[in-house]
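# Topology and contacts: notes
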Amino acid sequence: MSYFDAASGAPLHPVARQALMASLDEGWADPARLYREGRRARLLLDAAREAAAEAVGCRPDELVFTPSGTRAVHSGIAGALAGRRRAGHHLIVSAVEHSSVLHAAEVHQAGGGSVTEVAVDRTGAVSPSAYAAALRPDTALACLQSANHEVGTVQPVAEVAEACRAAGVPLLVDAAQSLGWGPVEGGWSLLAASAHKWGGPSGAGLLVVRKGVRFAPQGPRDERESGRAAGFENLPAIVAAAASLRAVRAEAAEESARLRELTERIRARVPRLVPDVEVVGAPERRLPGIVTFSCLYVDGETLLHELDRAGFSVSSGSSCTSSTLTPSHVLRAMGVLSEGNIRVSLPPGTREEDVERFLAVLPEVVAGVREKLGAPVSAREAVTRERDEALVVDALGRRCPIPVIELAKVIGDVPVGGTVRVLADDEAARLDIPAWCEMRGQEYVGEEPADRGSVYVVRRSS
């Protein structure tokens, strides 16, 4: 089995396993106590904090350990907003942030605060000028991920941080995906990360608050971790997290070059091997191990299952998964195809032969899914012609990618300049039909309301 979902959780690094087992024996006592076992635990905790701070590029007393990366994000946003409540209650986030950031923004807005969501381009990147334009006199905090978790696009953190610094606004960076590859550049103010993303154990995250940043921890006060992370420290996980971060950083330069070559191989060859595929994300400014592509006319859930049967563990931001009926918020914000979406995220140590086997298996798997899927009724049964000679495709009640399949089948039946009107009630059609037009060189005219669902109008251009 080839595990290609490191962006969700990297396999436990051997150094993390070794450190975890050792600290279970040596670090079980309360590090706040003064007796021998407590002092030994305190030494382990302090050493872990120094190692993590060195990797992040901050002072040890600026870094605290949290029970998870999500908790670090939530605590960081809440504490920074509370610390700057006199400045205002305006929060800035990007449209492609991790759900932990967006959920915190929703809570802030529900509590009376205001939120500005900065749009991204088709590669998933924000514009520093857009962040600068979003800054207001009442802005309390801005948030920006260092790199996107679904498509791997690296964000211009340094430039955004400079704009925020000039306005006197702190910037919180979610560095979960990138910290294992190197420190986050720029003058950021707060940083959150999660150990299981770089090969550490789950149950350990970190939060950095730079000196001078106004910060008011929320919830009941606790004497541990500078009052910013309540509860008894999970010392074995913390020690393993710090040890593995140091280990992956030592291997990062060599492994980054190797994984970049493998992902570039996937990016280049998948569109040649599989018809009607869109590779998404930035072609240059991206993380080493992530490559994401979407396949037209494919049910994403079925595709994932078939790849799993073929021995590959991958993930998807597709709208067609059993967990959601709507497209990934990242793919939606980028305006790219969501159906048949596959994210391949290679863990360190991935073998070249496993990538080659994936490339050999993928075309047959996609072709098989397309053949099995077909359409619930024939194209002719689903198509009528209005008096204005526009074709109408009735795809009501049919989930993606059926509306797009039916559109593709009939677009050639209208003359150049003619239109096809697709009636659909699947939320994914709102994203996938315009994306199909972009891929196939057809004109997307727009969306019109209907008694049930919406009408999506496409004009044949070629």
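Before any of the text, the structure's been laid out above.
Residues numbered from 1 in each chain as written. Predicted model: local features only at pLDDT ≥ 70, side-chain atom pairs only at ≥ 80, totals over all residues. Heavy atoms only, no water.

### Quick word on the overall build of the chain
A tally of helices and strands in the chain yields 13 helices and 17 strands. Taking 2.2 N^0.38 as the reference for a compact globule, 462 residues should give roughly 23 Å; the C-alpha atoms of the chain span a radius of gyration of 24 Å, in line with that estimate. Seen through its C-alpha atoms, the chain measures out along the principal axes to roughly 85 × 55 × 35 Å. Residues classed as buried in the chain amount to 55% of the 462 residues present. (Helix = DSSP H or I, 4+ residues; strand = E, 2+ residues; numbered from the N terminus. Rg over C-alpha atoms; globule rule 2.2 N^0.38 Å. Buried < 20%, exposed > 50% of the residue type's maximum accessible area, 1.4 Å probe, protein only.)

### Topic: empty space enclosed by the protein
Tallied over the entire structure, the rule returns 1 cavity of 30 Å³ or more. The calculated volume of the largest cavity comes to roughly 280 Å³. Around the largest cavity, the lining comprises 21 residues; the ones closest to its centre are Q177, W181, K197, L346 and P348. A total of 4 residues in the lining of the largest cavity trace back to one element, the largest contributor, which is helix α7 (residues 235-273). (1 Å grid on protein atoms, 1.4 Å probe; cavity = no way out; pocket = protein on both sides within 12 Å on 5 of 7 lines; lining within 4 Å. Points joined across faces, edges and corners; volume = space filled by probe spheres on them.)

### Observations concerning the pairing of strand β14 (residues 391-394)
Where β14 meets strand β15 (residues 419-424), 4 bridges bridge the pair, whose relative direction is parallel. Looking at β15, one finds that L391 is bridged to V420. Remark: the β14/helix α12 (residues 402-410)/β15 crossover connection has right-handed handedness. (Pairing = 2+ DSSP bridges. Right-handed = clockwise from strand over helix to strand, strands pointing away.)

### Here's the deal with the sheet that holds strand β2 (residues 63-66)
Across the sheet, 7 strands lie side by side as β2-β8-β7-β6-β5-β3-β4; this open sheet has mixed pairing. Only two strands of the sheet have a single partner each, and these edge strands are β2 and β4 (114-118). Taking each pair of neighbouring strands and ignoring which way they run, the sheet shows an average axis angle of 20 degrees. Sheet analysis places strand β6 (residues 171-174) next to strand β7 (residues 190-194), joined by 3 bridges and oriented parallel. Across the sheet, residue L172 finds its bridge partner in β7, namely L190. Sitting on the sheet, helix α2 (residues 36-56) is in contact with β2, β7 and β8 (205-209), with an inclination near 110 degrees to β2. (Axes fitted to C-alpha atoms, helices over the stretch in contact; angles between N-to-C directions. Contact = heavy atoms within 4.5 Å.)

### Things to note about the packing of aromatic side chains
In the structure shown here, the tally under the stated rule is 3 aromatic pairs. Here F4 and F312 contribute two aromatic rings whose centre-to-centre distance is 5.7 Å and whose plane-to-plane angle is 40 degrees, an arrangement assigned as tilted. Here the residue F4 occupies a position in the loop between β1 (2-3) and α1 (14-26), and F312 occupies one in strand β11 (residues 312-313), the gap between them amounting to 308 residues. No difference in accessibility class separates F4 from F312, as the two residues are buried. (Phe/Tyr/Trp six-rings, centres within 6.5 Å; stacked < 30°, edge-to-face > 60°.)

### Observations concerning the layout of surface pockets
What the largest pocket holds in volume is close to 360 Å³. If you go around the largest pocket, you meet 20 residues; those closest to its centre are S146, V154, S178, P183 and E185. Tallying contributions element by element places helix α6 (residues 157-167) first for the lining of the largest pocket, with 3 residues. Across the lining of the largest pocket, the residue classes break down as 10 nonpolar, 4 polar and 6 charged. (Nonpolar A, V, L, I, M, F, W, Y, C, P; charged D, E, K, R; others polar.)

### Concerning the nonpolar core
Among the nonpolar cores identified, the biggest contains 57 residues, and V56, L63, L171, L191, W198 and L206 are the most heavily contacted of them. Looking at which element gives the most residues to this core, the answer is α7, with 9 residues. Other than its neighbours up to four places away in sequence, L191 contacts V56, V173, A175, V184, L206, L207 and V208. In terms of nonpolar packing, the next biggest core, distinct from the first, is built from 27 residues, V291, F358, V361 and V365 among them. (Core = buried A, V, L, I, M, F, W, Y, C linked by side-chain atoms within 4.5 Å.)

### A look at the sheet that holds strand β12 (residues 341-345)
Spatially, β9-β10-β12 is the arrangement adopted by the 3 strands of the open sheet, whose pairing is antiparallel. Two strands close off the open sheet at either side, each with one partner strand: β9 (277-280) and β12. Neighbour to neighbour, the strand axes of the sheet diverge by 25 degrees on average, direction disregarded. By the bridge criterion, 4 bridges tie β9 to strand β10 (residues 290-295) in an arrangement that is antiparallel. For V277, the partnering residue across the bridge sits in β10 and is C295.

### What about the pairing of β6?
Of the two faces of β6, both are covered, the one formed by L171 and V173 as well as the one formed by L172 and D174. Sheet analysis places strand β5 (residues 139-145) next to β6, joined by 4 bridges and oriented parallel. When the bridges of β6 are listed, L144 appears paired with V173. Handedness of the crossover joining β5 and β6 through α6: right-handed.

### Considerations on the packing of α2 against α7
At a closest axis distance of 9 Å, the pairing of α2 and α7 adopts a crossing angle of 35 degrees. Seen from above, α2 lies across α7 with left-handed handedness. Residues A41, L44, L45, A48, A51, A52, E54, A55 and V56 of α2 lie in contact with α7, whose contacting residues are L235, I238, V239, A242, L245, R246 and R249. Of the residues that constitute the contact of α2 with α7, the class distribution is 13 nonpolar, no polar and 3 charged. (Left-handed = near helix turned anticlockwise from the far one by under 90°.)

### What to know about helix α8 (residues 300-309)
Within the sequence span of α8, burial applies to G300, L303, L304 and L307. Angular distribution of buried residues about the axis of α8 spans 100 degrees; they occupy a single face of the element. Tucked into the core, α8 has its buried residues touching β10, β11, β12 and α10 (352-373). Its side-chain oxygen 3.1 Å from the backbone nitrogen of E301, D299 forms the N-cap of α8. Phi turns positive, to about 100 degrees, at G311, one or two residues after α8. (Arc of directions from axis to C-beta. Polar contact = N/O pair within 3.5 Å; in protein donor to acceptor, adjacent residues only side chain to side chain.)

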